[in-house]
Amino acid sequence: MKTITLKLVLLFLAALVLFSSCAVQHVKPWERDQLAQKKMQLIHDPTENGLDEHIYFSKEASSGGKSVGGGGCGCN
Amino acid sequence: MQLIKNRLRIATCSLLAIAGGAAAADGDTQLDAAMLFYFEDGRTDVFEPVLNLKHDLGNDQSIGVKFVVDAITGSSPNGATPTNHPQTFTSTSGSQGEVRKRVEVFNAGETPVRMFQDNRISVDLNYDRPLTRLLKGEITGHISAEKDYVSRGTTLSFTQDTPDRLTTFSVGGGANFDVVEPTGGKPEPLKNSDSTNHFGNANKDEYDGMIGITRILSRRWLMQLNFSRSRDKGYLTEPYKIVSILDQTGSQIYYRMENRPDNRTHQNVLLSSAYEFTDDVIHFSYRYYWDDWGIRSNTVEMKYRYELSEASYLEPQFRYYKQTAATFFVSGIIDGTTLPQFASSDYRLGNLQTTTYALKYGFQLEDLDGDFNIRAEYMRQGDDPHPGNAIGVQKNYDLFPAVNVFIITAGYSVNF
Amino acid sequence: MTVNESLATKSVLTHRDNYWVGAFSAMASPCEILVDDVPHQKAIELLEIAQSEAHRIEQKFSRYRDDNVIHEINTSDGKEIVVDVETAKILDYAEECWKISDGLFDVTSGILRRVWKFDGSDRLPTLASVNELLSFIGWEKVKWKRPTIKLLPGMEIDLGGIGKEYAVDTTSVLLRKNTSSNFVVNYGGDLFISGPRRNGENWSIGIDDPKATGIGSIGTLSLSFGGVATSGDSRRFLLKEGIRYPHILNPKTGWPVVGAPHSVTVLASTSIEAGILSTLAMLHGAEAEKFLQEQEVKYLISR
Amino acid sequence: MLIIRSVVFIIFCSLVSAFVVAAPAPSFTLPTAHDSVAFDSLRGKVVLVDFWASWCDPCRKSFPWLEDMYLKYSKQGLTIVAINLDAKRDNADKFLAKFPSDFTIAFDPKATVAQLYDVKAMPSSFLIDRTGNIILTHTGFQEEQADELESHVQEALKK
């Protein structure tokens, strides 16, 4: 239990650093050229991601995290 | 020879586009297709084609439909532990009145597996639209069916941008209603596998919730933090999996059907990021998972997209996964001791590590629109073959034979 | 009403049998739009849109004006002319039509009218005078690379063969954007029908020539969707030694197409496609029917 | 709590930003493909200033629409200045080859004019009346809103 709390605290700290506005450049609307590219999407190949999620869902005890829902197979 | 009429039609379309605009705009339908071939240790083959269509409805709305077919033939460990004598399993497979009995014998030290064959078809629909200038909503529906399993689900999610569009909050929820229809009915929990009765189908429901925050950190850096929680209720046991009952020396005597709790709550925290160097992009994600079955896992995933030219790239991918065992995971139960309430020998609930290496190559062709990619992937699952809790003769055998999987994926996407 | 308004801006809107008829004159033809039931104000607005679009195209592409791009090109005397996007699209289109018709459709052939006067007489031009003109005809002699066009000195282009049909189609696109009611745009017999009437019935469109043969009805066409255009010899011809030379000139030979029908009416997706196909059918002379059957289009032919 | 407060704040902000503004349009002079365009020389005309970039998906939809507007209303006194904000001119040129246009294209790779206009999203349009006042700002491109914008253009042309 203790290690979980520790990990959560660490993640929370990471989040604080990430999402506090001081650590962040103010990227203007016209400066989104790089970010607008498909390859910069967090899930940049949704079809591939779907296939991978399906494999890991059926081969491992953990699932989810990337998007809401999913599952739905009685994989052996 | 193409009809003059048809060539005229094409020319006219681009001519009259001026009255409705300057030039033929990009197509508003996106097609993604992929085919996956999966080979596991020469014992399981999977063929899985995917077709994904997304259509722009205008006014920033879109609908999508995704078809997946999953054709599996092969075998997977049935839960029985390797032991010091041959093990024999009889399975019945029947179709339309004709019943076949199949006897399989596994040598001493071999891990028994169960043959199976299944085809799964799934259809997903989704629709998304803006609700205000900065708020978007998406609704999805899902249905899938295989021989012994039907799943139906729906999700609803929202994303809200801040006015500077640097931060996006997301929130979503979903529900899944599944029906498990084991061949011959579901067995009695922890009953002797030879004398168990089988009756009826079972339900399994899942409720999911998720919140997330995505932030633009710089012109080239995007990061996301997600928290999700799911609750599974109902029949979570694998109806065909068994647990070996051992004597004091660790030698197998008979089997019982496995049994799992009918509740499971699990959580994920996922941190993911995309960062662009001059042209290359690195994707990184870390996931921490925990549930009330005692399973904890850490997942690290990395993809590096190396741009070879304007029209091609190479993308090495790496993933490492490590989980701890469920509290009721056993490699066998000693005969005469009190039966636990729950027990499973499914290796996927034990201590487990998965390592995946992949190399993807993406390219465009001169005479054909669209993007192509092909990926070769090697995945290895394993853990200590001689765990400390092995009993007697079990110590002599490989309790966790490594699983080697080779996967080829080919993908194509085009706008029309 | 101000006096300086020219005749060209006059229009008449009448309401009959649950639809509006807006009539005006443009491109030397009577023009009208029929619009299924809309409020009066909307009908006025749509009529204004149609009229201004018809005049815009006329002004921009007529060869009778000296203030437009066609005049600039035709008086360029071998110099390069840079054209706007819309003109570029039309030139692309003309080039494509020339290609797919194997040279039968050619916007540079208009100058043949200098030697051919179809006045019913027997005064054929001399072979030499026709051949002399042929050296100034042929799209292959045009240097066209978007957005620049260069003609040989003495060459001219004439978009008369597609201008009216193009105006019908661009007007239809504009009307479609401004109303959900269905309508008919009819510019001097070239027309576009956007869809059936609200009561489910087709639009009835009168045609000039009741002697026509081909699809179904005689005298009126009953249509719910598509473009229609008619090409004809205007019953003008020359007659010499028993041979009738109709007002249909082959741009490759510079001579009339003997055996061409009086008129060909074609139904297609748009007015401009119907126009090109009907022109090509005329140029196929005695084989006009065969050509249209091969193209699998609906047509009416009058011989 | 923090998240809930942020969400409430954001929803509030998105409501507020729907207001129509009326303020004098900042003046500018920018290069075009062969020449330059000076805002001050457009006085007396209705001007639609549109900020765009080649990588912006909705801009692919707005461009044909702008061309359409130009063909329809330029005779009545509408001027369209589409200001490109690509850092690399190359990318803009490739886009323009695909979407040839008759209206004025200006280049502002350093985004100096974009900052004067406080551009909030891509694309952004500013409708400026004959007296040089911004009478409408519009972000993004949606077909439904385009019709509304067109009616504002028509009205501005009548004045």
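Residues numbered from 1 in each chain as written. Chains lettered and ligands numbered in written order. Predicted model: local features only at pLDDT ≥ 70, side-chain atom pairs only at ≥ 80, totals over all residues. Heavy atoms only, no water.

Trainee: Mind showing me how you'd approach the state of the cysteines here?
Mentor: Working definition: the covalent bond between the sulfur atoms of two cysteines is a disulfide. Residue and element names in this part refer to chain D. What the rule picks out here adds up to one disulfide over all chains. Sulfur-sulfur distance for the disulfide between Cys-56 and Cys-59 comes to 2.2 Å. One disulfide, between Cys-56 and Cys-59, carries an S-S torsion of 85 degrees and so falls in the right-handed class. Of the residues examined, Cys-56 reaches a relative accessible area of 3% and is grouped as buried. (Disulfide = S-S within 2.5 Å. Buried < 20%, exposed > 50% of the residue type's maximum accessible area, 1.4 Å probe, protein only.)

Trainee: Before we go on, may I ask you to explain unusual backbone geometry in this structure?
Mentor: Trans is the prevailing form of peptide bonds, just as negative phi is the prevailing case for residues other than glycine. Here the amide bond leading from D:Met122 into D:Pro123 is cis, since omega sits at -10 degrees, within 30 degrees of zero. Along the chain, D:Pro123 falls in the loop between helix H4 (112–116) and strand E7 (124–128). A positive phi angle, near 50 degrees, is found at B:Asn59, a position not held by glycine. Here B:Asn59 lies in the loop between strand E2 (44–58) and strand E3 (61–77). You will see that C:Met27, though not glycine, has its phi angle at about 50 degrees, which is positive. Considering the arrangement of structural elements, one finds C:Met27 in the loop between strand E2 (19–26) and strand E3 (29–36). (Helix = DSSP H or I, 4+ residues; strand = E, 2+ residues; numbered from the N terminus.)

Trainee: Looking at this structure, I do not really get a nonpolar patch on the surface. What am I missing?
Mentor: Residues and elements named next belong to chain B. Together, Met-35, Phe-37, Phe-39, Phe-47, Tyr-357, Tyr-378 and Phe-406 make up a nonpolar patch on the protein surface, roughly 630 Å² of accessible area in all. Take the nonpolar patch: its biggest share by element is three residues, from strand E1 (residues 29–40). Here Tyr-378 falls in the partly exposed class, since its relative accessible area comes to 32%. (Patch = residues over 30% accessible without salt bridge, like charges linked within 9 Å, V, L, I, M, F, W, Y side chains within 5 Å. Areas by Shrake-Rupley, 256 points an atom, 1.4 Å probe, with all protein chains shown as cover. Salt bridge = Lys/Arg side-chain N within 4 Å of Asp/Glu carboxyl O.)

Trainee: What is the right way to look at the interface of chain B and chain A in this model?
Mentor: How big an interface is tends to be expressed through the accessible area that disappears when the partners come together. Between chain B and chain A, the residue contacts involve 97 residues of the former and 54 residues of the latter. When the area that chain B buries against chain A is broken down by residue, the three leading residues are B:Arg215, B:Arg219 and B:Arg348, summing to 12%. Applying the counting rule to chain B against chain A returns 11 salt bridges. Put simply, A:Glu48 and B:Lys303 hold a salt bridge, and the shortest N to O gap is 3.2 Å. Taken together, chain B and chain A are joined by 31 residue pairs in polar contact (both at pLDDT 80 or more). Its residues assigned to classes, the side of chain B that touches chain A shows 34 nonpolar, 32 polar and 31 charged. (Contact = heavy atoms within 4.5 Å. Buried area = accessible area lost by both parts, 1.4 Å probe. Polar contact = N/O pair within 3.5 Å; in protein donor to acceptor, adjacent residues only side chain to side chain. Nonpolar A, V, L, I, M, F, W, Y, C, P; charged D, E, K, R; others polar.)

Trainee: I tried to follow the interface of chain D and chain C on my own but got confused; where do I start?
Mentor: Taken together, the contact between chain D and chain C spans seven residues of the former and eight residues of the latter. When chain D packs against chain C, close to 620 Å² is buried across both sides, 51% of that on carbon and sulfur atoms. In this assembly, chain D and chain C are joined by zero salt bridges. Between the two partners, chain D and chain C, sit zero residue pairs in polar contact (both at pLDDT 80 or more).

Trainee: I keep staring at the sheet that holds strand E8 (residues 133–139) of chain D and nothing clicks. Help me out?
Mentor: The strands making up a sheet associate through hydrogen bonds between their backbones, and the pairing can be parallel or antiparallel. Residue and element names in this part refer to chain D. With mixed pairing, six strands are arranged side by side in an open sheet as E1-E8-E7-E4-E5-E6. Where the open sheet ends on each side, the last strands, each with one partner, are strand E1 (23–24) and strand E6 (104–107). Direction of pairing for strand E5 (residues 78–84) relative to E6: parallel, over a ladder of four bridges. Its bridge partner lying in E6, Ile-83 is registered against Ala-106. Lying over the sheet, helix H5 (residues 143–158) contacts strand E4 (46–52), E5, E7 and E8, oriented at roughly 170 degrees with respect to E8. (Pairing = 2+ DSSP bridges. Axes fitted to C-alpha atoms, helices over the stretch in contact; angles between N-to-C directions.)

Trainee: For this particular structure, what's the right way to read the nonpolar core?
Mentor: As a rule of thumb, soluble globular proteins bury nonpolar side chains together. Counting 76 residues, the largest nonpolar core has C:Val83, C:Tyr93, C:Ile149, C:Tyr187 and C:Leu292 as its most contacted members. Here C:Tyr187 is in contact with C:Phe24, C:Met27, C:Pro30, C:Cys31, C:Glu32, C:Ala50, C:Ala54, C:Lys164, C:Ala167, C:Val168 and C:Thr171, once residues within four sequence places are set aside. Counting 53 residues, the second largest nonpolar core, distinct from the first, contains D:Cys59, D:Leu66, D:Leu78 and D:Phe95. (Core = buried A, V, L, I, M, F, W, Y, C linked by side-chain atoms within 4.5 Å.)

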